[in-house]
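The lines below spell out each chain.
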Amino acid sequence: MAAPLELSCWGGGWGLPSVHSESLVVMAYAKFSGAPLKVRVIDNTWRGSRGEVPVLRTDDDIVSQPAKILNFLRKQKYNADFELSAKQGADTLAYIALLEEKLLPALLHTFWVESDNYFTVTKPWFASQIPFPLSLILPGKMSRGALKRILLTRGEPPFYHVQEVETQIYSDAKECLNLLSNRLGTSQFFFGNTPSTLDAYVFGFLAPLYKVQFPKVQLQEHLKQLSNLCQFCDDILSSYFRLGLGGAPGGSKVMLRPQLPIIGVGESQALNRRTQPSEQWIQGEELY
């Protein structure tokens, strides 16, 4: 019998199972691959200290960071990339690198640095999920971490401060969204009719930007002009994350701890569990 898989992640809102991009990446991949995760949503009983989520726990392992978690699931023979060719595997790595380089800085800025968004949406939401007094500390730490990450990746000459890089990161993000829209075209998923790792990453990055209601929405407005990307997010939400009360995935029950809601494997594609790891490109690779 396989060891139980428990995922600790930030919870949902605005019709999303999680408002946190990295948590969404893992949750979507689990749905696509049929991995039977138990989801432990962070709430005001949480005793964590550093905000390092998502985290996957089994009887023997603790794994953090989406790329490492996805690799761990593949080793457990939950593989959403079973049908990909070597070229499609290489394309997956290239597009994930593009997301990390071009889109992520603007996402971090939108959620954690843009002051109106941070003080009216991001900080209150995350603080409401965290026990006192950590709720007074952790959102600010996460905001400073986001700013540091932006400046480390984009704060090179002639740009040294976030105000100087803001125009550039939003321009790059819009270009990235345009490229994703053109690549997706009229297809349901990025590699045909079956979702894969790339779909999980794109969904995880785009869905919070698409759904969370911000006062400052310049990148969100651009995304909403790309109807195929919006439809892509809506289709995954309706097909894989039918939400019940409190944002819990459809088919799961909202329970008091220590009982945990279960991400089911009821979807027809997820039921076809992929049991063969891809030998062509994924073995031993980390996506970032």
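Here, the structure is the one placed above.
Bear in mind that the values here come from a model prediction, so they are computed numbers and not experimental data. (Residues numbered from 1 in each chain as written. Predicted model: local features only at pLDDT ≥ 70, side-chain atom pairs only at ≥ 80, totals over all residues. Heavy atoms only, no water.)

Engineer: When you look at the nonpolar core in this model, what are you seeing that I'm missing?
Structural biologist: In globular proteins that are soluble, nonpolar side chains generally tend to be buried together. The biggest cluster of nonpolar side chains holds 85 residues, and the ones touching the most others in it are Trp10, Leu56, Leu103, Phe190, Phe203, Leu229 and Phe232. If you tally residues by element for this core, the top one is helix H3 (residues 86–113), at 11 residues. Filtering out sequence-adjacent residues up to four positions away, Leu229 remains in contact with Leu177, Leu180, Ser181, Leu184, Phe190, Leu206 and Leu223. (Core = buried A, V, L, I, M, F, W, Y, C linked by side-chain atoms within 4.5 Å. Buried < 20%, exposed > 50% of the residue type's maximum accessible area, 1.4 Å probe, protein only. Helix = DSSP H or I, 4+ residues; strand = E, 2+ residues; numbered from the N terminus. Contact = heavy atoms within 4.5 Å.)

Engineer: How do you make sense of empty space enclosed by the protein when you look at a structure like this?
Structural biologist: Think of a ball as big as a water molecule: rolled over the atoms, this probe shows where empty space is left. With the rule as written, the count across this model stands at one cavity of 30 Å³ or more. Computed from the structure, the largest cavity encloses a volume of approximately 50 Å³. Forming the walls of the largest cavity are Trp14, Val19, Phe111, Val121, Thr122, Trp125, Phe126, Val212 and Phe214. The residue makeup of the lining of the largest cavity, split by class, is eight nonpolar, one polar and no charged. (1 Å grid on protein atoms, 1.4 Å probe; cavity = no way out; pocket = protein on both sides within 12 Å on 5 of 7 lines; lining within 4 Å. Points joined across faces, edges and corners; volume = space filled by probe spheres on them. Nonpolar A, V, L, I, M, F, W, Y, C, P; charged D, E, K, R; others polar.)

Engineer: For this particular structure, what's the right way to read the pattern of salt bridges?
Structural biologist: Pairing between side chains becomes possible if they bear opposite charge and their charged atoms approach one another. Inspection of every chain in the model, using the stated rule, returns eight salt bridges. A salt bridge links Arg40 to Glu6, with the shortest nitrogen-to-oxygen separation between them at 3.1 Å. Taken together, the residues span a long stretch of sequence, with Arg40 in strand E2 (residues 37–41) and Glu6 in strand E1 (residues 5–9) at a distance of 34 residues. For Arg40, a relative accessible area of 22% puts it in the partly exposed group. A network of salt bridges, in which partner residues are shared, links Glu114, Asp116 and Lys216. (Salt bridge = Lys/Arg side-chain N within 4 Å of Asp/Glu carboxyl O.)

Engineer: Explain helix H9 (residues 227–240) here, please?
Structural biologist: The α-helix winds at 3.6 residues per turn, so residues separated by three or four positions along the chain end up facing the same way. A rise of 1.5 Å per residue sets the reference length of H9, with its 14 residues, at 20 Å; its end C-alpha atoms lie 20 Å apart and thus fit the reference within 8%. Taken together, the buried positions of H9 are Asn228, Leu229, Cys230, Phe232, Cys233, Ile236, Leu237 and Tyr240. (Expected span 1.5 Å × (residues − 1).)

Any link to function would need more than the numbers given here.
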